[in-house]
Amino acid sequence: MRHLLAASVAVLAFAAATSVRAEEGMWTYDNFPIARANQTLGTNIDQAWLDKVRLSSVKFGGCSAGIVSGQGLVMTNNHCVATCVANLSTPQLQYGETGFTPKSREEELKCPGATAEVLTDITDVTARMHKAGEGLDGQAFSQAREAEAGRIETEACGNDPKIRCQVVSLYRGGQFKLYKFRKYSDVRLAWAPEDRAATFGGDLDNFSFPRFAIDAAFIRLYEDDKPVETPVHFAWNPNRPTEGEPVFVTGNPGATQRLLTQAQLMTIRDVVLPMDQLIASELRGRLIRYSEEGADQAFIAMDPIVGVENTYKRGLGRMRALTDPAFMDQLAGQETAFHRQVAESEALSAQVGDPWATLAAIQPVAREMYAPMALLEGGTGMGTTSVAGGSQLFQWARVIVRGAQERAKPSDQRLSEYADSRLPAAQSGLFAERPTYPELEQIRLEWWLSKTREWLTVDSPHVRVLLGRESPEQLSARVVSGTKLADPAVRRALWEGGLAAVQASDDPLIKYVLSIDEDARAVRTEWRNKVDAPTARASEQLAAARFAVYGDAVYPDATGTLRLTYGRVEGTDVPGQRIPAFTTFAGLWDRATGAEPFNVAPKLLAAKDRIDPNAVMNMAVSSDTIGGSSGSPAVNAKGEIIGANFDSTVLTQRNAYGYDRNVNRSVIVTTQAVTTALRDVYGMDHLVQELGAATNQTPARRARR
């Protein structure tokens, strides 16, 4: 069979050269096309450059970041530390309004529950993972794969709290890699600007360009109560970027769906996005209404509103892409060409069968099951709907209940998120001291219960289990007002008490989660049997065909793992998106009206005369990024950091399904803007010195001051 496949590759090799466009691809670090990047950009990077960039890159929660000094200083986006800022704030001391500006390292504050990780090793474990699922179907297939992943992770990392291992599926099951991370569990906030400085323009400017935002912040890695020594880090470049210069963006893009078939994309278009968008818009409305009740309510709702608005805008861009005939014709043409090339090779066709037909046959089931799975269990891998509306209290209750149930079983028989290798992450999130707000929790639960009843209907047996004889309003009020899970000591006691403590608990939220858990698990099992497992099987066959046709010239879908992409600093000139490459502080002053959301942050406005009006705030780059790339370091050919990715345009949201160089633009906050803010606005001279940037101002700016 290997000889036959080799012949297939020889016949089809011509496709490899044209399968990916020059700047397309969120590449893994063990398969980055160095030669092609150098040829496209005129650069001269090598493996040593690649290794240094990887070891300077940081995964920070659902965001990305970069180490920028030898003392563990890390730059990311301000919106990536928003939860930390909110957790450290109170209605009386709101760092979102004032900025967080410690004058020394001793004043840096720990972000509750935050972790940061650096990818140190990548190992191929494809053979083991494929062998684990041989001859199995349905739940047995999924369980065997998950159990093997847990064994691999435990073998590689053991119980070392400073290391995390993760088996990553690439090419939708075509490859499996073991990623080993150096983990830091003490992450402290080192600087964050006023929220208005980072979000100028609000939702009106969100997912657009030009932007005028200093969406940057610094955290610091600590260990044993001391800053971590980080000799490998990005050099700080505070200078003005140059239009047309090459830029590399390193980060952890969340998820793309470029390897999906047309049949799968139609399910996303017709079922997933419409439901997600409709219910997200209602949550946004409920949160906005609550925020208008008073100053305290506005403070509580601020971060959740930003999150749901981002989700909605992202979905809007993706819906437009999937309903764009020209764009979809392009994707369909690529699939047709790929399918034809496979069909022309008898050996390859015999090996992979017809995964397109298999995946098409799964779609009616996926369409029918998406709503109950998304609403009751989550984790579909298709959409953004979250169980319980993102209620923190409910999430804690489910972790406690399921953690107790699953830990009573052998590791290889548990739900994957409770395998021994993954328990530290569950515990870290559960034990973190985070503030909760009962009114916000009730809004989230009430919204979720009402939307679930609406989408599944009153007569659904799932809804009867979920609500019993109570209304969404009654049930949410009862469990939120009565629960004690806001207290981390209560959560810890239940976790450490195990199944006996959970079953004996009189906490209304624990009792409620116990009462609905069996039904939710049944939905999850049915989804795994009828959708996940057969999809994984067919996707693995499709990946084998893709490797045979394109070799290693194809990149995997983004999966929240570290990737490197590249492009140039440039704007666009297409209908609906004619934008320059740069914005400056002069543009900020011109755009400001003094009224929301175009009111400049007070400290930033007060420093106007000290700021060089020609300093570049934000820039557009033709790199291939997606949600999750927030905070990703933008690096020049010398390996110097020149900015951090914080946004993209609405048209760029089609990037989930395919790269279009004409419209794909990442929006970067420049290191020149960050240096200006640190030095001329917020008085953070100790950070400026640590970064190696000049703390003195130019004579012209001193005169203006």
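Reading the values: rules and limits
- For every chain, the first residue of the written sequence is number 1, and numbering continues from 1 along that sequence.
- Only residues with pLDDT of at least 70 are given local features in this predicted model, and only at 80 or more are side-chain atom pairs given and counted; all residues enter the totals for whole chains, interfaces and linings.
- No hydrogens and no water enter the side-chain calculation; it runs on all heavy atoms of the structure.
- UniProt positions are given in the numbering used here, feature names are shortened, and annotations may be inferred rather than shown by experiment.
- Note on terminology: pairs of cysteine sulfur atoms within 2.5 Å are recorded as disulfides.
- Each helix is a run of DSSP H or I of at least 4 residues and each strand a run of E of at least 2, with the numbering of both proceeding from the N terminus.
- Each residue is placed in one exposure class: buried if its accessible area under a 1.4 Å probe, protein chains only, is under 20% of its type's maximum, exposed if it is over 50%, and partly exposed if it falls in between.
- Only the stretch in contact is used when a helix axis is fitted, and all axes are lines through C-alpha atoms; the angle between N-to-C directions ranges over 0 to 180 degrees.
- Here roughly perpendicular refers to angles of 65 to 115 degrees, roughly parallel to angles under 35, roughly antiparallel to angles over 145, and oblique to all remaining angles.
- Throughout, a crossing is termed right-handed when the near helix is turned clockwise from the far one, and left-handed when it is turned anticlockwise from it by less than a right angle.
- Should any heavy atoms of two residues lie within 4.5 Å, those residues are considered in contact.
- Three categories are distinguished: nonpolar for Ala, Val, Leu, Ile, Met, Phe, Trp, Tyr, Cys and Pro, charged for Asp, Glu, Lys and Arg, and polar for the others, with Gly belonging to the last.
- Throughout, the edges of the domains are those of an automatic or database domain assignment.
- Throughout, buried area stands for the accessible area (probe radius 1.4 Å) lost by two parts on being put together, summed over both.
- A side-chain nitrogen of Lys or Arg and a carboxyl oxygen of Asp or Glu constitute a salt bridge if their distance falls within 4 Å.
- For this analysis, a polar contact is any N or O atom pair within 3.5 Å, provided that within protein one partner can donate a hydrogen and the other can accept it, and provided that sequence-adjacent residues contribute only side-chain to side-chain pairs.

The chain is annotated in an unreviewed UniProt entry as Dipeptidyl-peptidase of Brevundimonas nasdae. Quoted straight from UniProt, the Function (unreviewed entry) entry for the chain says "Catalyzes the removal of dipeptides from the N-terminus of oligopeptides."

> For this particular structure, what's the right way to read the state of the cysteines?
A covalent bond bridging the sulfur atoms of two cysteines is what the word disulfide describes. Tallying each qualifying case throughout the model produces three disulfides. There is a disulfide in this structure between Cys63 and Cys80, and the S-S distance comes to 2.2 Å. Taking the torsion about the S-S bond as the criterion, the Cys63 to Cys80 disulfide, at about -85°, is left-handed. Of this pair, Cys63 sits in strand β2 (residues 63-67) while Cys80 sits in the loop between β3 (73-76) and α4 (82-88), and the two are 17 residues apart along the sequence. In this structure Cys63 comes out as buried when scored by relative accessible area, which is 11%. Residue classification places Cys80 among the buried positions, given a relative accessible area of 12%. For Cys157, the disulfide goes to Cys165, at an S-S distance of 2.0 Å. Taking the sign of the S-S torsion, 80° for the link of Cys157 and Cys165, the bridge is right-handed. This pair shows no difference in class: Cys157 is buried, exactly as Cys165 is. Each bonded cysteine in the chain gets a number by its place in the sequence, and the pairs come out as 1-2, 3-4, 5-6.

> Is there a simple way to explain the packing of helix α15 (residues 392-407) against helix α21 (residues 508-550) in this structure?
Between two packed helices, what matters for the description is the angle formed by their axes and the separation of those axes. Where α15 contacts α21, the two axes come as close as 10 Å, and the packing angle between them is 70°. Relative to α21, α15 is oriented roughly perpendicular. α21 is crossed by α15, and the crossing has right-handed handedness. Note on element contacts: α21 touches α15 through Leu509, Ile510, Tyr512, Val513, Leu514, Ile516, Asp517, Ala520, Arg521 and Arg524, opposite Leu393, Phe394, Ala397, Arg398, Ile400, Val401, Arg402, Gln405 and Glu406. Grouping the amino acids of the contact of α15 with α21 by side-chain chemistry returns twelve nonpolar, one polar and six charged.

> Looking at this structure, I do not really get the domain arrangement of the chain. What am I missing?
How big an interface is tends to be stated in terms of accessible area lost as the parts join. Here the chain is described as being made up of domain 1 (2-115 + 185-257 + 556-691), domain 2 (120-184) and domain 3 (262-548). Every contact between the two is made by 25 residues of domain 2 and, on the other side, 18 residues of domain 3. For the pairing of domain 2 and domain 3, the buried interface totals around 1,800 Å² over both sides, and the portion due to carbon and sulfur atoms is 46%. Applying the counting criterion to the domain 2 and domain 3 interface returns four salt bridges. With its nearest N and O atoms 3.2 Å apart, the salt bridge here joins Glu146 to Arg528. Applying the counting rule to domain 2 against domain 3 returns eleven residue pairs in polar contact (both at pLDDT 80 or more).

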